[in-house]
Amino acid sequence: MIIGALTNPHHKIGLPRVIADVCDYLNGLDLAALTVGRHEITDKIYMNVMELESVAADSKQAELHHEYCDVQVLIEGLENIEVGATFPDLSRYDAYREEDDYQLTPDIENKSVVTLTPRMFAVFFPYEPHKPCCLVNGQSHAIKKLVVKVPVGLI
């Protein structure tokens, strides 16, 4: 996992080239004006824009991906994301959904929590479990965010 902020003038240092290019692309957009739904970035990279309310972490499942990296960018609101840095025990996950590239589990082993504020981003690589859109300090927030899907083969 990598965390950063689009507002940091040095946010691209150390990022894989394709992720740095995605950040440049996002910095050129009016993020608040993006409409909810899928937006193509290239023929292989796309983003989903969503609006939702954050919820208690124990009321949702964690996800991981096999073939795509997520670049999650908070546009409005506050959110906690639970994340695991150790390779997960896949026997604790449900069946892999190849068409949508994800698996779910109720909890993350050895989890940490990252709080995102507007224009912060988190990059999740394949097999890094994450549980986004969770409460911050026990409070729900209206969230607008985007998730860019980058095929791992481009890294």
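Labelled according to an unreviewed UniProt entry, the protein appears under the name Sugar isomerase, originating from Haemophilus pittmaniae.

Visitor: Mind showing me how you'd approach the sheet that holds strand β1 (residues 2-5) here?
Guide: Backbone-to-backbone hydrogen bonds join strands into a sheet, with any given pair of strands oriented parallel or antiparallel. Strand order in the open sheet made by the six strands is β1-β9-β5-β11-β3-β2, with antiparallel pairing throughout. A single partner strand is all that each edge strand has here, and the edge strands are β1 and β2 (37-40). The mean inter-strand angle of the sheet, taken between neighbouring strand axes irrespective of direction, is 20 degrees. Looking at chain direction, β2 and strand β3 (residues 46-53) are connected through four bridges and run antiparallel. Following the sheet pairing, Arg38 is matched in β3 by Asn48. Running at roughly 140 degrees to strand β11 (residues 142-151), helix α1 (residues 17-27) makes contact with β2, β3, β5 (68-76), β9 (120-124) and β11 of the sheet.

Visitor: Looking at this structure, I do not really get the nonpolar core. What am I missing?
Guide: A general tendency of soluble globular proteins is for nonpolar side chains to be buried together. Leu26, Leu31, Val73, Leu146, Val148 and Val150 are the most contacted members of the largest nonpolar core, which totals 22 residues. Of all the secondary-structure elements, those providing two or more residues to this core are α1, β3, β5, β9 and β11. In terms of residues, this core owes the most to one element, α1, which gives six residues. Sequence-distant contacts of Leu31, that is, excluding residues within four places in its chain, are made with Leu6, Leu26, Val73, Ile75, Arg119, Lys144 and Leu146. Formed by 11 residues, the second largest nonpolar core is a distinct cluster that contains Ala5, Val83, Met120 and Ala122.

About the cut-offs
Residues numbered from 1 in each chain as written. Predicted model: local features only at pLDDT ≥ 70, side-chain atom pairs only at ≥ 80, totals over all residues. Heavy atoms only, no water. Pairing = 2+ DSSP bridges. Helix = DSSP H or I, 4+ residues; strand = E, 2+ residues; numbered from the N terminus. Axes fitted to C-alpha atoms, helices over the stretch in contact; angles between N-to-C directions. Contact = heavy atoms within 4.5 Å. Core = buried A, V, L, I, M, F, W, Y, C linked by side-chain atoms within 4.5 Å. Buried < 20%, exposed > 50% of the residue type's maximum accessible area, 1.4 Å probe, protein only.

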